[in-house]
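This is what each chain is made of:
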Amino acid sequence: MMKKNLPIGVIDSGVGGLSVLKRLQQALPQEEFIYIGDTARTPYGSRSEAQVRQFVEEVLCWLDQQHIKLAVIACNTITVLGVDTLQREHKFPLIGMSKGAELVLKASRNKKIGVMATPFTVSTEAHKKAILAQNPQAQVYLQACPKFVPLIEKEILEGPEVEAAVAEYTAPLKQAGVDTVILSCTHYPFIYEAISKDFGSGVQVIDPAEATAAQAVQLLQDNGWLREAKGAAVKICSTGDIGRVRRLAEYMLPQGAYDFQQVSL
Ligand code: DGL
């Protein structure tokens, strides 16, 4: 098959990457996608680096067998491992989540910026370094939010448990006086409304998924790999309960033709 007609792989530890798939579908309506969420082993963000690397390698080997032209790592926890260190012998290029440094610096007036992410992502300080590299004067406040991913994976997207967790993690950022916050975990857009409501209108909450989709478009354009005719159904695979993934996909994605499959890596 011609390279341009191959699908694009999209990876996450669970359902979070569906928020990126949504932006990819909007930016690239002709393309075919194969989404793989390792929902049987989510969350990755509370695990060791060695374990996350082993799991990601298994997912990438599975994608090798699917014959894709590009893999989008729709997960910040995997991206901060260093996309170049994951490439190894895989047959397709990889792009990771945008760190959104330009976006947040443009949006922020007082240059006090909050980053909400998994404990693993926060421990690497990758987003802080990316923002400071562009503006050393900025003040960056990192907030680990370990309760969010388990709630979202359990389909708890609103109500008192979500509100309490949101209030716990927004409090230190409010105290610091941030005017802009970036959601540096792809699960968090599932509870975007709750987070944004809690901060109130004085704080902009930014999801870098659109910027990530723009990078994918650029890479496909540069290589002449854009698909010309509309592709078939979007395939959504998970290593765990596919019913749960289907419900969360229906919540996040536009209506369309989807093919759901439980797979083992
Ligand atoms: N969705 C992921 C991220 O962007 C990871 C969540 C997790 O497995 O902890 O960080």
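See the structure shown above.
Description of the structure in this document.

Here is what the cut-offs are and how they apply
Residues numbered from 1 in each chain as written. Predicted model: local features only at pLDDT ≥ 70, side-chain atom pairs only at ≥ 80, totals over all residues. Heavy atoms only, no water. Salt bridge = Lys/Arg side-chain N within 4 Å of Asp/Glu carboxyl O. Helix = DSSP H or I, 4+ residues; strand = E, 2+ residues; numbered from the N terminus. Buried < 20%, exposed > 50% of the residue type's maximum accessible area, 1.4 Å probe, protein only. Core = buried A, V, L, I, M, F, W, Y, C linked by side-chain atoms within 4.5 Å. Pairing = 2+ DSSP bridges. Contact = heavy atoms within 4.5 Å. Axes fitted to C-alpha atoms, helices over the stretch in contact; angles between N-to-C directions. 1 Å grid on protein atoms, 1.4 Å probe; cavity = no way out; pocket = protein on both sides within 12 Å on 5 of 7 lines; lining within 4 Å. Points joined across faces, edges and corners; volume = space filled by probe spheres on them. Nonpolar A, V, L, I, M, F, W, Y, C, P; charged D, E, K, R; others polar.

1. Details of the pattern of salt bridges
So, point 1. Counted under the stated rule, the structure contains 11 salt bridges.
So, point 2. In this structure, glutamate 31 and lysine 69 form a salt bridge, with 2.6 Å as the shortest nitrogen-oxygen distance. Here the residue glutamate 31 occupies a position in the loop between helix 1 (18–27) and strand 2 (33–37), and lysine 69 occupies one in the loop between helix 2 (49–66) and strand 3 (70–73), the gap between them amounting to 38 residues.
So, point 3. Between arginine 244 and glutamate 153 there is a salt bridge, and its shortest N-O distance comes to 2.9 Å. Taken together, the positions of arginine 244 in helix 12 (residues 242–252) and glutamate 153 in helix 8 (residues 148–153) put the pair 91 residues apart, joining distant regions of the chain. No difference in accessibility class separates arginine 244 from glutamate 153, as the two residues are buried.
So, point 4. What emerges from the salt-bridge pattern is a single network uniting Asp38, Arg41 and Glu58.

2. Topic: the nonpolar core
So, point 1. One finds Leu18, Met116, Phe148, Ile195 and Ile236 to be the most contacted residues of the largest nonpolar core, which totals 55 residues.
So, point 2. The next biggest cluster of nonpolar side chains, apart from the first, holds 26 residues, and it includes Val52, Val80, Phe120 and Ala126.

3. Observations regarding the sheet that holds strand 3
So, point 1. Read from one edge of the open sheet, six strands run 4-3-1-2-9-10, paired in parallel fashion. Whereas interior strands pair on both sides, the edge strands pair on one side only; in this sheet they are strand 4 (94–95) and strand 10 (258–262).
So, point 2. Bridge count for strand 1 (residues 8–12) against strand 2 is five bridges, and the pairing is parallel. Bridged to isoleucine 11 within strand 2 is isoleucine 36.
So, point 3. Here helix 11 (residues 209–223) sits on the sheet in contact with strand 1, strand 3 and strand 4, set at roughly 165° to strand 3.

4. Concerning empty space enclosed by the protein
Rolled over the atoms, a probe as big as a water molecule pinpoints where empty space is left.
So, point 1. For the structure shown, the criterion picks out two cavities of 30 Å³ or more.
So, point 2. Roughly 70 Å³ of internal volume is contained in the largest cavity.
So, point 3. What lines the largest cavity is a set of 14 residues, among which Ser13, Cys75, Thr77, Thr118 and His187 lie closest to the centre.
So, point 4. Here the lining of the largest cavity is composed, by residue class, of five nonpolar, eight polar and one charged.
So, point 5. Looking at the second largest cavity, its volume works out to about 30 Å³.
So, point 6. Lining of the second largest cavity is provided by Val115, Ala117, Thr121, Val122, Glu125, Ala126, His127 and Leu142.
So, point 7. Going through the elements one at a time, strand 5 (112–117), helix 6 (119–124) and helix 7 (126–134) are the ones with two or more residues in the lining of the second largest cavity.
So, point 8. Class assignment of the residues belonging to the lining of the second largest cavity gives a composition of five nonpolar, two polar and one charged.

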